[in-house]
Amino acid sequence: MEEMIVLSPSHKEAIRALEKAKLGPSPTMEQEMSTWDARWRAEALDHYLPQGWSFGIQKDEKLVAYSLIQPLLFFRGLTQTLWVEWFSAQTPESAQKLVEVVYRWARDKHIQAVVVESHKPFAQAFEESPFSTAVQDGLLTLKTSKMK
């Protein structure tokens, strides 16, 4: 059974294990070096996880999907925006569940939009969501309130 959770610093190693598993059993030197500036590197997790805005999905007590998120104030004329720094899911179903939670959380907190970089590999999950989206200047925006 899948369980939605708010991530905390205690989930740091589970996130790193999930991402490193994607590299395969014998990652190349280039793959290892790419982790040094990955959005889920240790110092990024140290920033995002204590904030309480990031979510994950656990299945049988194992992390199968997660998002790294933070609120932005006064971004592109909006009072409150939710920035998705990184998003990872093992299955399309988990990705869609996580997008829905991010969207509903933003609406619940009266945040005007959810923003992701449109070229990131996870942006497709947001594009395929049933929520109103727009792309401008490389950013995909999910509208969570009436906005121009």
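Going by the structure above, here's the rest.
A brief structural summary. (Residues numbered from 1 in each chain as written. Predicted model: local features only at pLDDT ≥ 70, side-chain atom pairs only at ≥ 80, totals over all residues. Heavy atoms only, no water.)

**Topic: helix α1 (residues 12–21)**
Here's step 1: Among the residues of α1, Lys12, Ile15, Arg16, Leu18 and Glu19 are the ones counted as buried. Down the axis of α1, the smallest arc covering the buried residues is 160°, so these residues share one side. Residues of α1 that are exposed and angled more than 90 degrees away from the buried face: Glu13 and Ala21.
Here's step 2: Along its buried surface, α1 packs onto α3 (42–48), β3 (62–75) and β4 (78–89). (Buried < 20%, exposed > 50% of the residue type's maximum accessible area, 1.4 Å probe, protein only. Helix = DSSP H or I, 4+ residues; strand = E, 2+ residues; numbered from the N terminus. Arc of directions from axis to C-beta. Contact = heavy atoms within 4.5 Å.)

**Observations concerning the pairing of β4**
Here's step 1: The buried fraction of β4 amounts to nine of the twelve residues, a majority that puts the element mostly inside the structure.
Here's step 2: For β3 and β4, the ladder comprises ten bridges, and the chain directions are antiparallel. Bridge pairing in β4 links Leu68 to Trp86.
Here's step 3: Relative to strand β5 (residues 113–117), β4 runs parallel, the two being bridged by three bridges. (Pairing = 2+ DSSP bridges.)

**Remarks on the layout of surface pockets**
Here's step 1: Of the volumes computed, that of the largest pocket is approximately 250 Å³.
Here's step 2: The wall of the largest pocket is formed by 15 residues, among which Ala89, Ala95, Pro121, Phe122 and Ala125 lie closest to the centre.
Here's step 3: At the level of secondary structure, the elements contributing two or more residues to the lining of the largest pocket comprise β4, α4 (92–108) and α5 (123–127).
Here's step 4: Residues belonging to the lining of the largest pocket are distributed by class as follows: eight nonpolar, five polar and two charged. (1 Å grid on protein atoms, 1.4 Å probe; cavity = no way out; pocket = protein on both sides within 12 Å on 5 of 7 lines; lining within 4 Å. Points joined across faces, edges and corners; volume = space filled by probe spheres on them. Nonpolar A, V, L, I, M, F, W, Y, C, P; charged D, E, K, R; others polar.)

**Some details on unusual backbone geometry**
Here's step 1: In this structure, Glu61 is a non-glycine residue whose phi angle is positive, near 65°.
Here's step 2: Turning to its location among the elements, Glu61 is positioned in the loop between β2 (55–59) and β3.
Here's step 3: Classification of Glu61 as exposed rests on a relative accessible area of 76%.
Here's step 4: Phi at His110 is positive, roughly 60°, even though this residue is not glycine.
Here's step 5: Inspection of the secondary structure assignment puts His110 in the loop between α4 and β5.

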